[in-house]
Every structure is written in C-alpha cells, then in structure tokens.
Amino acid sequence: MRLATFNLLHGRSLTDGLVDPRRLTAAVAALDADVLALQEVDRNQSRSGNLDQTAIAADALDAAEHRFAAAVVGHPGGRFRPLAHDDDGHDEPRYGIGLVSRLPVTSWQVTRLKPAPVRSPIYVPGPGGGLVVLRDEPRVVLAAVLRTPHGSLTVAATHLSFVPGWNALQLHQTVRALRALPAPRVLLGDLNLPAGAVRLLSGWRPLGRRPTYPAGHPRVQLDHILADRQGRHLLPPVRAVANPQSVISDHRPLVVDLDG
C-alpha cells in the first residue's frame, strides 16, 4: 500500500507560472498512490481552468473514491470568505484539500479549524511573489475510514496554518478529532511545522522523514505522514520513503510504501 501527500499549489508550475491539467495529471499519476492527500486544491477557480482538481487526481490514479473539502469560498491571497456549512458556495470558486483512495471508503468526516486571529508574514513563490503579510484562512481536516485487506484504516488529510503557535494548536485539535475514528490512524498533509516539532506536539510517529520544501532544493520537511501510536502495530511496516521531484508546485510530495 502506497500513501502520499502533496501540496499542489493549485497545480501551478514555478517554471512558467501556468496551470495545465495535463501537468497535474502527469504529476499525480507518477506517484501511483493508493491513498493521496492533496492540499492547496482548487475547484471551479478561473485561475486553474474552472476544474475539479481532486477529480482530476482521482482519474489519474484510477481511484474510485475521492472527496474535496473546501476551506474557503474564493482563494487566499485574493478575496475569500469562510464556509458557513459544508455545502456553502457550491457553485462558486472554492479552495481547500482533497483525499483520493483506491480502497473503498466506509465513512467520511470533516472537521473545521478556525483561522489565526492575527496576520503573519509568508513567502509567496513564483513571479510577483516574495514576503507578504497575509491574514490566515480557516482550515479543514478531511478523514476517511477505509476498508483494507488488513481491516479498517483511518486516513486524514489537512493543511494547517502558517502562523507559528496556531498550527500547533490546530495539530492538537486534529489529533483529538481523529481519535474518535477507528485505529490504526494515519494523518497526511502540509502541517507547516518541521518534523521534530510535529513528533513532539502530536505524539504520533512519522512514517517518513524527507525534506519537502522548497521543491527545487528541499531543506525542511513541512509535509508529513504520521501514524498514531495507538494501533500503530496494526499497520504494515514501512518499506520505502521518497520525496520525488514534480513538474508542479513549490513542495515535493512525500511518498511512503507499506508492506502488504
């Protein structure tokens, strides 16, 4: 079983700044993941061709199960508003996370996290980017209970705040929410925290240690695949870990192969 997490940067290439669905398809297909968590995902956004990027990723992996969970209507860096409920903004441009699975899903759960109350500096990659001060957006955790040959498995995708301290609080909230779902439990996503802090704050075990950011010459691991210590023995052992280059995004994906 192969697990992967990938911050897509809404499919944008840093080489030419373009969003091409063929590049997105190629990038996701190259991962060949059985379970894929996606962050910075667009749906019905003009900047990415008004496409459903989670559905494109599912098609690229020939995966029957997929779901998009919007964090905001609009997109960060532009105009956006929080969702009032899960079905808010149905026909409007939305931005959030996705979860794709080749394995059957028996249930889904969405947990919403509040944004930080303060603005914070963040580096925006690509042409016209640089260090800017942004207000944080709401975050979301999308969890699925899978039916696997080894029994039930809970997997969850998220993208936590870039505001120091607030992301730590959100990580605690995420862990608490996932503990209500069946073990074993795996959390995948861009946590905006380095590996040591993630392990200390969550108490969960990293399944793979590789730098993922920035994509060209990665120096820090912001993207993680973690296993809850409760029920960790029920997971197959890790066979391989990789952070392959990609044709899109300012992050590299993180890929973990489990035996069996």
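As the structure is a computational prediction, the values presented were derived from the model and not from experiment.

J.: Report on the sheet that holds strand β1 (residues 2–7), specifying residues and quantitative values.
T.: The mixed open sheet is built from seven strands, whose spatial order is β4-β3-β5-β2-β1-β15-β14. Edge strands, defined here as strands with exactly one partner in the open sheet, are β4 (80–82) and β14 (238–242). On average, each strand axis in the sheet is inclined to that of its neighbour by 25°, with strand direction left out of account. Summarising the sheet, β1 and strand β15 (residues 254–258) pair through four bridges and their orientation is antiparallel. Within the sheet, the bridge partner assigned to Arg2 lies in β15 and is Asp257. Its contacts with the sheet place helix α1 (residues 21–31) against β1, β2 (35–43) and β15, and it is angled at close to 150° to β1. Across the sheet, helix α2 (residues 53–61) lies against β2, β3 (65–74) and β5 (94–101), angled at about 145° from β2, the strand it touches most.

J.: Provide a residue-level description of the nonpolar core, including the pertinent values.
T.: Formed by 29 residues in total, the largest nonpolar core has its most connected members in Leu3, Leu99, Leu146, Val155, Val186 and Ile225. Secondary-structure elements contributing two or more residues to this core are β2, β3, β5, β9 (139–148), β10 (151–159), β11 (185–190), β13 (223–227) and β15. If one sorts the elements of this core by residue count, β9 sits on top with four residues. Counting 23 residues, the second-largest nonpolar core is a separate cluster that includes Phe6, Ala27, Ala57 and Phe68.

J.: So, the pattern of salt bridges: which residues are in play, and what are the values?
T.: Overall, the coordinates contain 15 salt bridges when judged by the stated rule. A salt bridge links Asp257 to Arg2, with the nearest nitrogen and oxygen atoms 2.6 Å apart. Of this pair, Asp257 sits in strand β15 while Arg2 sits in strand β1; the two residues are 255 residues apart in sequence, bridging distant segments of the chain. Assessed through its relative accessible area of 25%, Arg2 is described here as partly exposed. The salt bridge involving Glu92 is made with Arg81; its shortest N-O contact spans 2.5 Å.

J.: Quick rundown of the packing of helix α3 (residues 166–178) against helix α4 (residues 195–202)? Include the residues and the values.
T.: Viewed as axis vectors pointing N to C, α3 and α4 meet at an angle of 50°, and their least axial separation amounts to 10 Å. The orientation of α3 relative to α4 falls into the category oblique. Considering how the two elements wind past one another, α3 and α4 form a crossing that is right-handed. Here Ala168, Leu171, His172 and Val175 of α3 lie close against α4, whose contacting residues are Val198, Leu201 and Ser202.

J.: How would you explain the packing of aromatic side chains if you had to name every residue and give the values?
T.: The final tally for this structure, using the stated rule, is zero aromatic pairs. Positioned above the aromatic ring of Phe80, the side-chain terminus of Arg135 is 4.1 Å from the ring centre.

J.: How would you explain the pairing of β10 if you had to name every residue and give the values?
T.: Two faces, one strand: in a regular strand the side chains alternate between the faces of the sheet. By the criterion of burial, β10 is predominantly enclosed, with seven of the nine residues buried. In this sheet, β10 lies alongside β9 in antiparallel orientation, the contact comprising eight bridges. In the strand pairing of β10, Ala143 is matched with Ala156. Counting the residues that bridge the hairpin from β9 to β10 gives two residues. Where β10 meets β11, six bridges bridge the pair, whose relative direction is parallel. Within the sheet, the bridge partner assigned to Thr154 lies in β11 and is Arg185. For the crossover from β10 across α3 to β11, the handedness is right-handed.

J.: Hey, could you go over the environment of Val241 for me, with residue numbers and the actual values?
T.: One can find Val241 in strand β14. Separated by 16 residues in sequence, Val241 and Asp257 place their C-alpha atoms 6.4 Å apart. Aside from chain neighbours lying at most four places away, what touches Val241 is Leu207, Gly208, Arg209, Arg210, Leu254, Val255 and Val256.

Calculation criteria
- Numbering of residues begins from 1 in every chain and follows the order in which that chain's sequence is written.
- At least 70 in pLDDT is required for a residue's local features to be given in this predicted model, at least 80 for side-chain atom pairs to be given and counted, and no such filter applies to totals for whole chains, interfaces and linings, which use all residues.
- Side-chain numbers here rest on the full set of heavy atoms in the structure, without hydrogens or water.
- Strand pairing is defined by DSSP finding a minimum of two bridges between the two strands.
- Counting from the N terminus, the helices are DSSP H or I runs at least four residues long and the strands are E runs at least two residues long.
- Every axis corresponds to a line fitted to the C-alpha atoms, with the helix fit spanning only the stretch in contact, and the corresponding angles, defined between N-to-C directions, vary from 0 to 180 degrees.
- In what follows, a contact means two residues having at least one pair of non-hydrogen atoms within 4.5 Å.
- Definition of nonpolar core: a set of buried residues of the types Ala, Val, Leu, Ile, Met, Phe, Trp, Tyr and Cys, connected through side-chain atoms within 4.5 Å.
- Whether a residue is buried, partly exposed or exposed follows from its accessible area with a 1.4 Å probe, protein chains only, as a fraction of its type maximum: under 20%, in between, or over 50%, in that order.
- The term salt bridge refers to a side-chain nitrogen of Lys or Arg lying within 4 Å of a carboxyl oxygen of Asp or Glu.
- Note on angle classes: values under 35 degrees are labelled roughly parallel, values over 145 roughly antiparallel, values of 65 to 115 roughly perpendicular, and the remainder oblique.
- Crossing handedness: left-handed means the near helix sits turned counterclockwise from the far one by under a right angle, and right-handed means the same turn made clockwise.
- Whether two aromatic rings pair depends on their centres lying within 6.5 Å, for rings of Phe, Tyr and Trp, where Trp uses its six-membered ring; planes under 30 degrees apart make the pair stacked, over 60 edge-to-face, and the rest tilted.
- Placement of a charge over a ring requires the Lys NZ or Arg CZ to be within 6 Å of the ring centre, with the centre-to-atom vector within 35 degrees of the ring normal.
- Crossovers are marked right-handed if the path from the first strand over the helix to the second runs clockwise, as seen with the strands pointing away from the viewer.

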